[in-house]
Every structure is written in structure tokens, then in C-alpha cells.
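# Descriptive structure summary
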Amino acid sequence: MIIGDKRELVINNIKEATEKQEYNLKVEINDPKMSQEEKKKIINNYLVNKEKISYKAKNELARVTVDFFTWLENRESEIIGIENVKNIETGAIITNNHFNPLDSTIIRKFVRKLGKRKLFIVGEDTNLAMEGIIGFIMNYADVIPISNNIGYMKRDFPQILSKKLEEKNFILIYPEQEMWFNYRKPRPPKPGAYYYAAKNNVPIISCFTEIIDIDKQDNDEFNKVKYVLHILEPIYPDNKKTIKENTQRMKEIDFEQKKNAYEKAYNKKLDYKFEKEDIAGLI
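Residues numbered from 1 in each chain as written. Predicted model: local features only at pLDDT ≥ 70, side-chain atom pairs only at ≥ 80, totals over all residues. Heavy atoms only, no water.

### Digging into the packing of aromatic side chains
In total, this model carries 13 aromatic pairs according to the counting rule given. Note on phenylalanine 99 and tyrosine 227: the rings are 5.3 Å apart at their centroids and 70° apart in plane angle, and the pair reads as edge-to-face. Here tyrosine 227 lies in strand 7 (residues 223-231) and phenylalanine 99 lies in the loop between strand 2 (92-95) and helix 4 (104-113), a separation of 128 residues in the sequence. Under the relative-accessibility criterion, tyrosine 227 is labelled buried at 3%. Here a set of aromatic residues connected by ring pairs shows up, and it is made of Tyr152, Phe157, Tyr195 and Tyr196. (Phe/Tyr/Trp six-rings, centres within 6.5 Å; stacked < 30°, edge-to-face > 60°. Helix = DSSP H or I, 4+ residues; strand = E, 2+ residues; numbered from the N terminus. Buried < 20%, exposed > 50% of the residue type's maximum accessible area, 1.4 Å probe, protein only.)

### Details of helix 8 (residues 243-266)
The first and last C-alpha atoms of helix 8 sit 34 Å apart over 24 residues, in line with the 34 Å expected at 1.5 Å per residue. Buried within helix 8 we find Asn246, Thr247, Met250, Lys251, Asp254, Gln257, Lys258, Ala261, Tyr262, Glu263 and Tyr266. Considering only its buried residues, helix 8 is in contact with strand 2, helix 7 (192-199) and strand 6 (204-217). Immediately downstream of helix 8, the backbone of asparagine 267 shows phi near 55°, a positive value. (Expected span 1.5 Å × (residues − 1). Contact = heavy atoms within 4.5 Å.)

### Focus on the nonpolar core
In terms of nonpolar packing, the biggest core is built from 41 residues, with Ile94, Ile107, Phe110 and Ile205 touching the most fellow members. When residues of this core are traced back to their parent elements, those giving at least two are helix 1 (7-20), strand 2, helix 4, strand 5 (170-172), strand 6, strand 7 and helix 8. Apart from residues no more than four positions distant in its own chain, isoleucine 94 is found in contact with Ile107, Phe110, Val111, Leu119, Phe170, Ile171, Leu172, Ile173, Ile205 and Cys207. Counting residues in each nonpolar core, the second largest holds 26 residues, with Ile42, Tyr196, Ile204 and Ile235 among its members. (Core = buried A, V, L, I, M, F, W, Y, C linked by side-chain atoms within 4.5 Å.)

### Focus on the pairing of strand 2
The alternating pattern of strand 2 places Ala92 and Ile94 on one face and Ile93 and Thr95 on the opposite face, and all of these are buried. Looking at chain direction, strand 2 and strand 6 are connected through 3 bridges and run parallel. Residue pairing across strands places isoleucine 94 opposite isoleucine 205, the latter belonging to strand 6. (Pairing = 2+ DSSP bridges.)

### Remarks on unusual backbone geometry
Within the chain, glutamine 177 stands out as a residue other than glycine whose phi angle is a positive 80°. Phi angles above zero are rare outside glycine, and asparagine 182 is one such case at about 55°. Mapping asparagine 182 onto the fold places it in the loop between strand 5 and helix 7. Taking relative accessible area as the criterion, asparagine 182 reaches 3% and is therefore assigned buried.

### Some points on the sheet that holds strand 1 (residues 78-80)
The mixed open sheet is built from 7 strands, whose spatial order is 1-7-6-2-5-3-4. A strand with exactly one partner marks an edge of an open sheet, and here the two such strands are strand 1 and strand 4 (143-146). Each neighbouring strand pair of the sheet contributes to a mean axis angle of 30°, computed without reference to strand direction. Set on the sheet, helix 6 (residues 150-166) makes contact with strand 2, strand 3 (120-124), strand 4 and strand 5; between it and strand 4 the angle comes to about 155°. (Axes fitted to C-alpha atoms, helices over the stretch in contact; angles between N-to-C directions.)

### Some words on the pattern of salt bridges
Scanning all chains against the criterion turns up 20 salt bridges. Arginine 112 is the salt-bridge partner of aspartate 67, the closest N and O atoms lying 2.5 Å from each other. In this pair, aspartate 67 is assigned in helix 3 (residues 53-73) and arginine 112 in helix 4, connecting sequence segments 45 residues apart. Using a relative accessible area of 27% as the deciding quantity, one classes aspartate 67 as partly exposed. Within the structure, one salt-bridge network assembled from shared partners comprises Glu60, Arg63, Arg117 and Asp142. (Salt bridge = Lys/Arg side-chain N within 4 Å of Asp/Glu carboxyl O.)

### Looking at the pairing of strand 4
Bridge count for strand 3 against strand 4 is 4 bridges, and the pairing is parallel. Bridge pairing in strand 4 links glutamate 124 to isoleucine 146. Where the polypeptide runs from strand 3 across helix 5 (residues 132-140) and back to strand 4, its parallel neighbour, the crossover connection is right-handed. (Right-handed = clockwise from strand over helix to strand, strands pointing away.)

### Examining helix 7
Think of an α-helix as 3.6 residues a turn; residues three or four steps apart then line up on the same face. By the burial criterion, the buried members of helix 7 are Ala193, Tyr194, Tyr196, Ala197 and Ala198. Looking at the packing, one finds that the buried side of helix 7 touches strand 2, helix 6, strand 6 and helix 8.

### Describing a nonpolar patch on the surface
A surface patch of nonpolar side chains, about 240 Å² in accessible area, is lined by Met130, Ile133 and Ile134. Tracing the chain through its elements places isoleucine 134 in helix 5. The partly exposed category is assigned to isoleucine 134, whose relative accessible area is 37%. (Patch = residues over 30% accessible without salt bridge, like charges linked within 9 Å, V, L, I, M, F, W, Y side chains within 5 Å. Areas by Shrake-Rupley, 256 points an atom, 1.4 Å probe, with all protein chains shown as cover.)

Put into C-alpha cells, the structure is as follows:
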């Protein structure tokens, strides 16, 4: 499913970012831009809303809606390696490559197969300002906003993550930071996901989504695609190491696993020289 317009401009931004060797840049062109005051209001509303009695009913409705999109988007998706994580009995942080506004649905399908009803997803605070059905989902479908609001990030955000992990939930954090539309290659990760895993002494569930072109046209620019989710070996904190050491170690192992999964899936070495084939489905 193609979400967003001006894909040609976005793809050009991806190409320019790879040439600069800046793999975590924002490349989308229509993302909302908000003032610090507006972002502060969004975070305050989030903290208040999640404590309201009405939140639970809206949360259930949002989950049903997301379940429908999960089914719709993943009718041909495959999941490989689920046996690698069946013995995890604690909470965990899931990492995956970020390439589509709906790429979390394949993760949701995987989590459902493990018997879990909930998947918490860390996303930008500006997403909560979206309108319509997408805005409803962002506000009520278990999204935990990340922000540059220092007070929230020092106090509320880590407390929310710790509570969800203590309750044995899985939390999806995209370590690549920004979405690169239909980009096949795994990108060097930022440390946040691994820091919170180390701090809370929970494993990283390392994933990589392979994107396969289908010989059916989606629009004038793209063919349809399907996903193959590769669930790799979980990465556990080392009790003999500090949080800082574990953060770096887990980050390096995760990227190496994703790199190996990419090379095996596409039968080619990972490099960042831009090619048309890097964008899945591009006609």
C-alpha cells in the first residue's frame, strides 16, 4: 500500500542522504512541523488522556482497527524464525528496519502469533497531531511518543517504558530513527533502543524485513510488494557489563545480524551506493 505523495522527491532525498553517508536523516517532505509549545501541549494531552476512563474503550477500538490494517497489509506476508524467541518470558524491545508507515503491522502479526494482544510502538510526538483515522490510531493504539521535551524524556518516557516492560510487554523501537520509504537496506542504528534494553535488563528481539516485489501494479510509480519478516537471534544484556557497554555491544550485534540477514535475503553484500533496486517496487 502506497501512503504519501511526491515519492520521487523522497527517493531523491534518500539518494542524497546515502551520498552524504547520513543514514538517519529525515527524507519525507510533508511531515508536520511544530513549535516547542505545540509539542509540549501534545505530550501533556497524551499524559492526561492515557489516564482517563474513556481511554480504555478507545484503546480497544483502535486495536481492532489496527488489527484490520494488519490483516489487510499482510495477507501474503511470511514470518521466519519465530522459534528463536518463543522462550522469552520477560518484556522485550523489538528492533526492525523502518521503510513504510504500515511496516509495524508485520511486527504486530508476529507478536499476535506469540499470543500477545498488545504491541507498544515508540513514535514521534508529532504523529499524535495527525487527523482522521490515522490520528485516532496514533493517539489510542498503544503508541508511546518520543519527544525533544527534556522533562518528559528524563522522567515520564523512561518510566512508561519500564512499566510496560515490567508487565512483560513487547515494545517496538525503530533504531534507524527515520522512515525511508521502501528502502531495502538496513541502516546503522541509533543507540536508544539498546540503552533502554540494557537499563531494564530485557532482550532485544532483532528483526529484519525483506521486501519482495510482486508483478502487480500499485500505482503509476510502484508495483505491489510483500514482506518476509526474519526474526533473528535475541540479544541479551551481559550482566558483567555496564549499561553503556551493553548499549554499544547490543547495538553492534543487532546491526551485524541485520546486515547478514540482508545479504542472505538479497544475495548481495551490503553497501550504500544508491541503486534503483534499493527502493522496493519502483517501476
